Amino acid sequence: MSKYSTHIPREVGKGALPEHPAIKTPWEKLISFHDAYHYLCRHIPVIDTVFIQALRILIPDYKERASLLCEVNRKAMAGMFSMPIVKQMNIDNYCIHPFMQGGYIGGVMGDAGDDRQCMPGRVNDFGQYRVEKELDVCPWDILGSEFCRATTASLQGVGEAFGPDTEYNMVEAIGCGDLHCRVIAEDRTKFPMPEKQVWEKFGPIATDDQIKFTPEEQMVVEPMQLREECGYKFSNGLTGELTAAQCYGSTLVHPLGASYVINVLNVKIASGELDPQSVEHMIRCMFEATGKTMFGEFFAIKGLRDWLGVPNDVNDGRVLGGFIEVILQVLLIEYSIINFNENEVIYEFKQAALERRYPLMVPAYLSMWYGMSKTLIGARWSVWREFENVPEDTIRLIISKKIDKFC
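Cut-offs applied
- Residues numbered from 1 in each chain as written.
- Predicted model: local features only at pLDDT ≥ 70, side-chain atom pairs only at ≥ 80, totals over all residues.
- Heavy atoms only, no water.
- Phe/Tyr/Trp six-rings, centres within 6.5 Å; stacked < 30°, edge-to-face > 60°.
- Helix = DSSP H or I, 4+ residues; strand = E, 2+ residues; numbered from the N terminus.
- Buried < 20%, exposed > 50% of the residue type's maximum accessible area, 1.4 Å probe, protein only.
- Pairing = 2+ DSSP bridges.
- Axes fitted to C-alpha atoms, helices over the stretch in contact; angles between N-to-C directions.
- Contact = heavy atoms within 4.5 Å.
- Polar contact = N/O pair within 3.5 Å; in protein donor to acceptor, adjacent residues only side chain to side chain.
- Expected span 1.5 Å × (residues − 1).
- Core = buried A, V, L, I, M, F, W, Y, C linked by side-chain atoms within 4.5 Å.
- Salt bridge = Lys/Arg side-chain N within 4 Å of Asp/Glu carboxyl O.
- Parallel < 35°, antiparallel > 145°, perpendicular 65-115°, else oblique.
- Nonpolar A, V, L, I, M, F, W, Y, C, P; charged D, E, K, R; others polar.

Undergrad: Tell me about the packing of aromatic side chains, and please be specific about residues and values.
TA: Summed over all chains, the structure comprises 13 aromatic pairs. Between phenylalanine 295 and phenylalanine 323 the ring centres are 6.1 Å apart and the planes differ by 90 degrees, which places this aromatic pair in the edge-to-face class. With a gap of 28 residues between them, phenylalanine 295 in the loop between helix H8 (276-294) and helix H9 (298-308) and phenylalanine 323 in helix H10 (residues 317-330) connect regions that are remote in the sequence. Of the residues examined, phenylalanine 295 reaches a relative accessible area of 6% and is grouped as buried. Taking the relative accessible area as the measure of exposure, phenylalanine 323 reaches 6% and is therefore buried. Measuring from centroid to centroid gives 5.9 Å for tyrosine 335 and tyrosine 347, while their planes differ by 85 degrees, and the two rings are edge-to-face. In this pair, tyrosine 335 is assigned in strand S9 (residues 335-340) and tyrosine 347 in strand S10 (residues 344-350), connecting sequence segments 12 residues apart. No difference in accessibility class separates tyrosine 335 from tyrosine 347, as the two residues are buried.

Undergrad: Quick one: what's the story with the sheet that holds S10, residue by residue and with numbers?
TA: Taken together, 4 strands build an open sheet; the order of strands is S9-S10-S12-S11 and the sheet is antiparallel. Only two strands of the sheet have a single neighbouring strand rather than two, namely S9 and strand S11 (381-386). Mean inter-strand twist for the sheet, computed between neighbouring axes without regard to direction, equals 15 degrees. Where S10 lies against strand S12 (residues 394-401), 7 bridges are found, and the strand directions are antiparallel. Across the sheet, residue lysine 350 finds its bridge partner in S12, namely threonine 394. Taken strand by strand, H10 contacts S9, S10, S11 and S12, and its axis lies near 20 degrees from that of S10. Where helix H12 (residues 361-377) meets the sheet, its contacts fall on S10, S11 and S12, and the angle it forms with S11 comes to roughly 155 degrees.

Undergrad: Talk me through the side chain of threonine 166; I want residue IDs and the actual numbers.
TA: By the element assignment, threonine 166 lies in strand S5 (residues 166-172). Within the structure, the side chain of threonine 166 is placed 3.3 Å from the backbone nitrogen of tyrosine 104, a separation counted as a polar contact. Beyond its immediate chain neighbours, meaning those up to four positions away, threonine 166 contacts Gly103, Tyr104, Gln156, Ala185, Glu186 and Asp187.

Undergrad: So what's going on with H12? Residues and values would help.
TA: Taking 1.5 Å per residue as the helical rise, H12 with its 17 residues ought to reach 24 Å, and the 23 Å between its terminal C-alpha atoms agrees with that figure. With 16 of 17 residues buried, H12 lies mostly within the body of the structure.

Undergrad: Lay out the nonpolar core in plain terms, naming residues and giving numbers.
TA: The biggest cluster of nonpolar side chains holds 113 residues, and the ones touching the most others in it are Phe51, Met109, Phe349, Tyr365, Trp369 and Ile399. It is helix H1 (residues 33-58) that contributes the most residues to this core, 12 residues altogether. Once residues lying within four places of it in the same chain are set aside, the contact partners of isoleucine 399 are Gly317, Leu320, Gly321, Ile324, Asn343, Glu344, Val345, Tyr347, Ile377, Trp381, Ser382 and Val383.

Undergrad: Report on the sheet that holds strand S6 (residues 181-187), specifying residues and quantitative values.
TA: The sheet built from 4 strands is open, its strands ordered S3-S4-S6-S5 with antiparallel pairing. Of all the strands in the sheet, just strand S3 (121-126) and S5 have a single pairing partner and so form its edges. Sheet twist, expressed as the mean angle between neighbouring strand axes with direction ignored, is 15 degrees. Of the pairings in the sheet, the one linking S3 to strand S4 (residues 130-135) comprises 5 bridges and is antiparallel in character. Residue aspartate 125 lies in a different strand from S4, and its bridge partner there is glutamate 132.

Undergrad: Describe the pairing of S10, with residues and values.
TA: For S10, the tally of buried residues reaches 5 of 7 residues, placing the bulk of the element in the interior. Note: S9 against S10, 5 bridges, orientation antiparallel. Across the sheet, serine 336 pairs through a bridge with glutamate 348, a residue of S10. Two successive antiparallel strands, S9 and S10, enclose a turn made up of 3 residues.

Undergrad: Please provide a residue-by-residue account of the pattern of salt bridges, values included.
TA: Scanning the entire structure with this criterion turns up 29 salt bridges. Residues glutamate 71 and lysine 75 are paired through a salt bridge, measuring 3.5 Å at the closest nitrogen-oxygen approach. Residue glutamate 71 and its partner lysine 75 are located together in helix H2 (residues 62-82), separated by 4 residues, close to a single helical turn. Judged by its relative accessible area of 23%, glutamate 71 is partly exposed. Across the pair glutamate 167 and lysine 196 runs a salt bridge, and its minimum N-O distance is 3.3 Å. Of this pair, glutamate 167 sits in strand S5 while lysine 196 is found in the loop between S6 and strand S7 (233-235), placing the two residues 29 residues apart along the sequence.

Undergrad: Account for the packing of H2 against helix H7 (residues 258-270), with residues named and values stated.
TA: It is the contact of H2 with H7, at a shortest axis distance of 9 Å, that shows an interaxial angle of 100 degrees. Of the possible angle classes, the one that applies to H2 and H7 is roughly perpendicular. The residues of H7 that touch H2, namely those facing Glu64, Leu68, Leu69, Val72, Asn73, Ala76 and Met77, are Ser259, Tyr260, Val261, Asn263, Val264, Val267 and Lys268. Each residue belonging to the contact of H2 with H7 can be placed in one class, and the counts come to 9 nonpolar, 3 polar and 2 charged.

Undergrad: I'd like a rundown of unusual backbone geometry, residues and numbers included.
TA: Residue proline 204 follows glycine 203 across a cis peptide bond; omega there is 5 degrees. Mapped onto the elements, proline 204 comes out in the loop between S6 and S7. Positive phi, normally seen in glycine, also occurs at tyrosine 232, with a value near 55 degrees. By the secondary structure assignment, tyrosine 232 is in the loop between S6 and S7. Among the residues examined, tyrosine 232 registers a relative accessible area of 45% and is labelled partly exposed.

Put into structure tokens, the structure is as follows:
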């Protein structure tokens, strides 16, 4: 039996040493706040990538898919940010002055959202008639061009909550191979242009001669809240500030990215064009395969074990359990450890914490973890949710050996 068959609770020793924000693996290895933040901001688009691939299968036509992603999420964002409580919260958080009126204000929220998602860059222009934001890093660069279009349309929806005249375009996109992402908003009363279809968010624009281009040697790699010269805070040009902790927590309000796809799927389900059972089956299949391929190559197993600090003599469900604990901690999901030994690992946590208002997130994660068990540990191992004698709002996750002739 391994000397690590028991699990030292995270709170053991609290207060004995100076506190430092970190995630702790079951083997006492610490993952710093900096590394956990970057892991979170890459983990989000990794999950999103599977959702977008499922959408590509369910809606194979690019134009139809991109149009739905743009239109559905533009309306969703416009509706949410038009709610008085949400609008006032953003006015207060980002110090938006009473005299500021118009769709360009959406750029204030977009600027903060970029740094929150570890997408550092700079605001090159900000005024009533024109906004230009240049990004040097984008963890979402793996998602595909229709997603770049959708994020820009969503930002336009935010702007529309403050005024109708501003059109947002992403004239450059790292995800399409450009050096930068560059979002430019133009007031169409000042800069008239022919009307475009909703999904055409890469331009053309009227003010491309005003673009300010930052060369590669002057680019940044960290968001403001992780940079010393910024005082480890995000700050905008209106004196609005967010601490690193505030930036981190606000990335988890909802599963941004995956929600873009799920919003479209919900519209298609509501219209009767897609069957909810078939959609969930697609999500389960995609995420199970994703979990298996993550550790299908042996070097990937070694990489994870080294990252978690797994002892050489631990080759059972605790390896996957340790990884799941890191994911839960990164997502700020409280969990209980019911069992943690070489035969069985059991966790419990609230279903709503994993869903974040989107029920499809649950089969996505459970299927991915099941797939991981087959390659990270071995085919004799499995992951499943236990329902018997468990409250309906609670997920009891079991990692153990299981014979299944229909796997």
